[in-house]
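Take a look at the letters that make up each chain.
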Amino acid sequence: LAGDPLTIYGDGTQTRSLCYVDDLVEGLTRMLCREDLAGEVINLGADQEMTILALAERIKELTSSASVFEFKPLPEDDPLKRKPDLAKARSLLGWEPLVPLTEGLQRLVDWFVKVPARGYK
């Protein structure tokens, strides 16, 4: 939104899967309310992957930004793929993320437009 360059570490082909906070809180609440799941490991998140470069392009599009991409070296401990297996969340909790990525990103952009920057950089 400020027009600053968008930093991309590596070539942008590493993947991430993003989950909207409302969905994540719902999943955590369902886990916390189930005493029979004590000690169970259950992944929460979103299982639709997107490359970092595609994510940056989507953000640039949603903000109508003229920002340029600034590529920097990929940190050596940065995983190339992140995608949780949600099978247990679906079967044990009846949970899965409901907010599509673009809608969640738009909500985030709208919030940042309404709320003045508080030193976020």
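Look a little higher up for the structure.
The following refers to the structure shown. For clarity, every value in this text was computed on a predicted model and none was experimentally measured.

## Things to note about helix H2 (residues 52–63)
Moving on, step 1. Over its 12 residues, H2 extends 16 Å from the first C-alpha to the last, a length consistent with the 16 Å expected when each residue adds 1.5 Å.
Moving on, step 2. Taken as a whole, H2 has its buried residues at Ile-52, Leu-55, Ala-56, Leu-62 and Thr-63. Taken end-on, H2 shows its buried residues confined to a sector of 130°, consistent with a single buried face.
Moving on, step 3. On its buried face, H2 sits against strand E1 (6–9), strand E2 (15–16), strand E3 (50–51), strand E4 (69–72) and helix H4 (101–114).

## A few points about the side chain of Asp-23
Moving on, step 1. If you trace the backbone, Asp-23 turns up in helix H1 (residues 21–32).
Moving on, step 2. This buried residue, Asp-23, is left without a salt bridge; Arg-107 holds the nearest opposite charge, at 6.9 Å.
Moving on, step 3. Sequence-distant contacts of Asp-23, that is, excluding residues within four places in its chain, are made with Trp-95, Pro-97, Leu-98 and Val-99.

## Comments concerning the packing of H2 against H4
Angle between the axes and distance between the axes: these two values describe a pair of packed helices.
Moving on, step 1. Direction vectors running N to C along H2 and H4 enclose 50°, while the axes themselves pass 10 Å from each other. Relative to H4, the element H2 lies oblique. Crossing of H2 against H4: the hand is right-handed. For the pair H2 and H4, the contacting residues are Leu-55, Arg-58, Ile-59, Leu-62 and Thr-63 in the first and Leu-101, Thr-102, Leu-105, Gln-106 and Val-109 in the second.
Moving on, step 2. Its residues assigned to classes, the contact of H2 with H4 shows 6 nonpolar, 3 polar and 1 charged.

## So, the environment of Val-21
Moving on, step 1. As for its position among the elements, Val-21 is in helix H1.
Moving on, step 2. The class for Val-21 is partly exposed, based on a relative accessible area of 48%.
Moving on, step 3. Counting along the chain gives 83 residues from Val-21 to Gly-104, while the straight-line C-alpha distance between them is 8.6 Å.

## Some points on the pattern of salt bridges
Moving on, step 1. Evaluation of the coordinates by the stated rule reveals 10 salt bridges.
Moving on, step 2. For the salt bridge of Asp-22 with Arg-107, the shortest nitrogen-to-oxygen distance reads 3.6 Å. Separated by 85 residues along the polypeptide, Asp-22 in helix H1 and Arg-107 in helix H4 bring together distant segments of the chain.
Moving on, step 3. A salt bridge links Arg-90 to Glu-96; its shortest N-O distance comes to 3.0 Å.

What counts as what
- Within any chain, residue numbers begin from 1 and follow the written order of that chain's sequence.
- The predicted nature of this model means local features are confined to residues of pLDDT at least 70 and side-chain atom pairs, given and counted, to a pLDDT of 80 or more, with totals for whole chains, interfaces and linings taken over all residues.
- Values reported for side chains reflect all heavy atoms of the structure, with hydrogen atoms and water molecules removed beforehand.
- Secondary structure elements are taken from DSSP: a helix is a run of H or I of four residues or more, a strand is a run of E of two residues or more, and numbering for both begins at the N terminus.
- Any helix carries an expected span of 1.5 Å times its number of residues minus one.
- With a 1.4 Å probe rolled over the protein chains alone, any residue whose accessible area is under 20% of its type maximum counts as buried; one over 50% counts as exposed, and the rest are partly exposed.
- What the arc describes is the spread of directions from the helix axis to the C-beta atoms.
- The contact criterion used is simple: two residues touch if any of their non-hydrogen atoms lie within 4.5 Å.
- His residues and chain termini do not enter the charge count, which takes Lys and Arg as positive and Asp and Glu as negative.
- We define a salt bridge as a side-chain nitrogen of Lys or Arg found within 4 Å of a carboxyl oxygen belonging to Asp or Glu.
- For every element, the axis is a line fit to its C-alpha atoms; helices are fit only across the contacting stretch, and the angle between N-to-C directions ranges from 0 to 180 degrees.
- Reported orientations rely on four angle classes, namely roughly parallel under 35 degrees, roughly antiparallel over 145, roughly perpendicular from 65 to 115, and oblique for the rest.
- Crossing handedness is read from the near helix: turned anticlockwise from the far helix by less than a right angle, it gives a left-handed crossing, and turned clockwise, a right-handed one.
- In this count, Pro and Cys sit with the nonpolar residues alongside Ala, Val, Leu, Ile, Met, Phe, Trp and Tyr, while Asp, Glu, Lys and Arg are called charged and the others, Gly among them, polar.

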